[in-house]
Amino acid sequence: MADQYLHSVRILRDVCHGCTNCLKSCPTEAIRVRNGKAMILPSRCIDCGTCIRRCTYHAATAGSDNMEMLKQYKYNIVLAAPSLYAQFPEKISAGVIWQSLHDLGFDEIFDVGLASEYIAMEIADYVKNYTGKRKPLISATCPAVLRLIQVKFPELIKQIVPILPPAEAAAIYIKSKAAREHKLAKADIGVWFIAPCPSKGANIRQPVDVIHPEIDGYFSVKEIYTRIMKNMSNLGSGKRNVTTGSSYGMCWGSAGGEIASAGLVNAISVNGIEEAYEALEQISMNKMPTLDYLECNACQGGCIGGPMVAENKFVAESNLKRRIAVMREHEPADREETMLASMVCKGFPLSQDYTIPIKPRPMMQLDDDIIEAMKKFEQMEDVLQSLPGLDCGACGAPSCQCLAEDIVQGRAHDMDCIYKLRGQVRKLAYGMIELSKQIPLTSGPEENLSGPDEKEVLPGAGK
Amino acid sequence: MTEAKSVKMNFEVPGQNFDRAGEASAKLKKMLQHIGIPAAAIRRIAIGTYEGEINLIIHAGGGKVEAEIFPDHTVVVISDTGPGIADVKQAMQEGWSTASEEARAMGFGAGMGLPNMMNCSDKFDIHSHLGEGTTITMNFDY
C-alpha cells in the first residue's frame with residue numbers, strides 16, 4: 001500500500017519537543033515520536049489540524065503557498081469565504097476587505113458565500129428528492145470529515161451527498177468566466193483560496209471528491225489577515241464595489257449555517273473532530289435513521305474555528321452574526337426569495353458534472369491478505385497483554401494498543417516500552433548478581449570478591 | 001504454528017446497565033476492521049450485533065456475545081439465561097412488542113429489534129425456552 005498521500009499538516013522539527021500532546025490528540029492515531037521529534041504517518045493523517053491546535057510549542061502548522069506564485073499567472077482571482085470576513089469587526093466593510101485583497105496583488109475577488117447559495121439549493125433539492133433507505137445524508141463540505149469517513153467509516157460513503165463544496169464550485173465558475181471575459185487560457189488564470197484549515201489545502205493538492213480542482217493554491221486566513229492588518233494604514237479611502245451573496249451565504253462560516261441556508265429542519269449540525277467521530281459512530285449503528293441531513297465540521301464553531309484563523313472563534317462568531325444582522329435588514333423576510341435574488345451567476349456549475357465517487361481509504365487493516373491479518377491480529381492481542389496498559393506515550397506511540405500494532409507490523413520493538421525495558425534491566429541486574437556469586441575455581445577464598453553490599457545496590461535484591 | 005483460520009471474540013454483557021451499551025459490537029467492529037472484512041459486511045454485522053446486545057441489556061438481564069470471524073463469513077452467537085421468549089414466531093413479527101399498550105402509545109416498543117437482526121444477517125436462528133433463556137445465531141457472508 002505505497003500510495004502517495006499529500007498532506008497539508010507539517011511538523012516543524014526545529015521547534016518540536018517530542019512531547020506527547022499532539023500524539024495523544026490525533027483522532028486517527030497518525031502521529032509517532034521518533035528520534036525525539038513528532039512525525040505523521042501519511043497513510044493515517046486526515047489533515048484535520050487537531051495537532052496544530054494542541055501543540056503547546058507551535059511546532060505543528062499547515063503548509064501554504066507562497067504569494068510569489070501569483071507571478072506564475074497572468075490573472076489572479078482570490079476566493080474570499082465567510083471565515084475571512086469574520087476575522088474583522090462588522091464596521092470594516094466587505095468593500096474595504098476586497099480593496100485590501102486587491103492591494104495584496106489579486107486582480108479579482110470572488111465571494112464564496114455566493115457559491116454557497118447555489119450549493120445550499122442543490123443540497124435542499126437532493127434531500128427532498130432522496131428516496132434511498134440509508135439516512136441521514138451527510139454533508140460533503142468538510143474535507144477532514146470526508147477523510148475521516150474514508151478511513152474510519154467507509155460504510156457511510158454511500159450517504160455522503162455528491163455535491164461540490166462551495167469553494168470548489170466557486171473556482172470552477174469564476175475561472176471559466178474570467179477566461180471568457182479576459183480572453184485567457186484557463187491555465188493562465190490562478191484561483192486562490194483563503195483557507196481556515198489544513199484540510200481544505202490538502203483537498204486542493206489531492207482531492208477526494210472532485211475530478212479536477214480548479215483551485216490552484218491556498219493561503220491561510222491567518223497569513224492574509226496579518227498582511228491586511230499590516231497594510232491597513234496604506235488603504236486610503238479605497239473601497240471596491242462588491243458582489244457578495246446574501247446573509248444565507250455568509251452564515252456558512254459558522255456552525256449550523258449550512259443547514260440554515262438550505263432550509264433543512266430535520267437536520268443536525270455536529271462540530272469538532274471528536275464530536276464528528278461520535279456522531280458518525282452512532283450513524284454507522286443506524287441510530288438516526290429518520291434524520292434527513294448531517295452537517296458535519298471538524299472544527300468546533302464551524303470554519304471560523306479552524307486551526308489557521310487569526311481571530312478567536314467566539315469573537316469571529318460575534319463578528320459574523322453582526323454582519324448577518326446588518327445584511328438581513330436589507331433583505332426580504334423569505335429565505336428562498338432572498339437567495340434567489342442574490343444568485344446572479346449565469347451558468348453556475350452543477351455538482352453532477354464535477355464530483356467523483358469517494359473511495360474508501362483502508363487504514364485499519366493489518367494486512368492485505370485476510371489470513372495474514374488474522375494471524376497478526378492474534379499476535380497483536382498477545383503483545384497487548386504483555387504491555388502495561390498505561391497509554392503513557394513514552395514509546396512514541398499514542399497508546400499501548402498502537403504500540404502493539406506497530407510491533408506486529410515491524411515498525412517498533414517491545415523494548416520501546418520503557419516499562420518493559422526497565423523490567424528487562426532488573427532481570428539482567430539480578431542475573432549479573434547471580435553470576436557474580438560464582439567463584440572461579442582458580443580464585444581463593446571469598447575475601448577476593450569484596451564489593452558493595454547487594455542490598456544497597458538493588459532494593460529487594462535479598463529476596 | 002497452526003494456520004489461523006478463524007479469530008474468536010467473547011464478551012460478557014451486563015444486564016440493565018447502559019453504561020457499556022454497544023461495547024461488544026464496537027469491539028467486534030474494530031476486530032473486523034483490523035482483519036480487513038469488507039465495509040458493507042462490517043456494517044451489517046455491527047448493526048445486527050448491536051441490536052442483540054441492546055436486547056441482552058434491556059430484556060435478558062445480560063448475557064454473552066460470541067463471534068467467530070472466518071475469511072469468508074462471520075458467526076455471531078448472542079446468548080442469555082434470561083426469561084426466554086414464550087412464542088418465538090410471534091416475537092419475530094415486525095411490530096410485535098412486549099411493551100405495554102401505554103408504553104407503545106408513548107412511542108416505545110417499535111418491535112423491530114429481532115426482525116432487524118434477521119434482515120441484517122444471511123442466516124438467522126433463534127432458540128428459546130421460557131425460564132431457560134434465548135440463543136440467537138447469525139451468519140454473515142461476504
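Please refer to the structure placed before this passage.
First, a word on what this report is: a plain description of the structure on this page. Computed from a predicted model, the values in this text were never measured in an experiment.

Cut-offs and rules
- Residues numbered from 1 in each chain as written.
- Chains lettered and ligands numbered in written order.
- Predicted model: local features only at pLDDT ≥ 70, side-chain atom pairs only at ≥ 80, totals over all residues.
- Heavy atoms only, no water.
- Helix = DSSP H or I, 4+ residues; strand = E, 2+ residues; numbered from the N terminus.
- Buried < 20%, exposed > 50% of the residue type's maximum accessible area, 1.4 Å probe, protein only.
- Contact = heavy atoms within 4.5 Å.
- Areas by Shrake-Rupley, 256 points an atom, 1.4 Å probe, with all protein chains shown as cover.
- Lys, Arg positive; Asp, Glu negative; His and termini not counted.
- Charge placed at Lys NZ, Arg CZ, Asp CG, Glu CD.
- Axes fitted to C-alpha atoms, helices over the stretch in contact; angles between N-to-C directions.
- Parallel < 35°, antiparallel > 145°, perpendicular 65-115°, else oblique.
- Nonpolar A, V, L, I, M, F, W, Y, C, P; charged D, E, K, R; others polar.
- Buried area = accessible area lost by both parts, 1.4 Å probe.
- Salt bridge = Lys/Arg side-chain N within 4 Å of Asp/Glu carboxyl O.
- Polar contact = N/O pair within 3.5 Å; in protein donor to acceptor, adjacent residues only side chain to side chain.

### Some thoughts on the overall build of chain B
- Across its full length, chain B carries five helices and five strands.
- Mapped from its N terminus to its C terminus, chain B presents α and β elements in the order β-α-α-β-β-α-α-α-β-β.
- Projecting the C-alpha coordinates of chain B onto the three principal axes gives extents of approximately 55 × 30 × 25 Å.
- Within the span of chain B, comprising 142 residues, buried residues form 48% of the whole.
- Here the contacts in chain B between residues at least 6 apart in sequence split such that 62% fall between residues at least 24 apart.
- Accessible area for chain B stands at about 7,200 Å²; split by element, carbon and sulfur atoms hold 52% of it.
- The averaged location of the 18 negative side-chain charges in chain B is 6 Å from the averaged location of its 12 positive side-chain charges.

### A short note on the packing of helix α15 (residues 370–386) of chain A against helix α1 (residues 23–35) of chain B
- Direction vectors running N to C along α15(A) and α1(B) enclose 130°, while the axes themselves pass 8 Å from each other. Classified by the angle their axes make, α15(A) and α1(B) are oblique. Taking contact as the criterion, the partners of A:I370, A:A373, A:M374, A:F377 and A:M380 in α15(A) are, on α1(B), B:M31, B:H34 and B:I35.
- Split into classes, the residues belonging to the contact of α15(A) with α1(B) amount to seven nonpolar, one polar and no charged.

### Quick look at the interface of chain B and chain A
- Residue-level contacts link 23 residues of chain B with 22 residues of chain A.
- For the chain B and chain A pair, buried surface summed over both sides reaches about 2,200 Å², with 66% attributable to carbon and sulfur atoms.
- Scanning the region where chain B abuts chain A turns up one salt bridge.
- The salt bridge partner of A:E155 is B:K29, with a shortest N-O separation of 3.1 Å.
- The interface formed by chain B and chain A contains six residue pairs in polar contact (both at pLDDT 80 or more).
- Mapped by element, the contributors of at least two residues to the side of chain B that touches chain A are α1 and α2 (39–60) of chain B.
- Ranked by residues supplied to the side of chain B that touches chain A, first place goes to α1(B) with eight residues.
- Among the residues making up the side of chain B that touches chain A, the classes are represented as 13 nonpolar, five polar and five charged.

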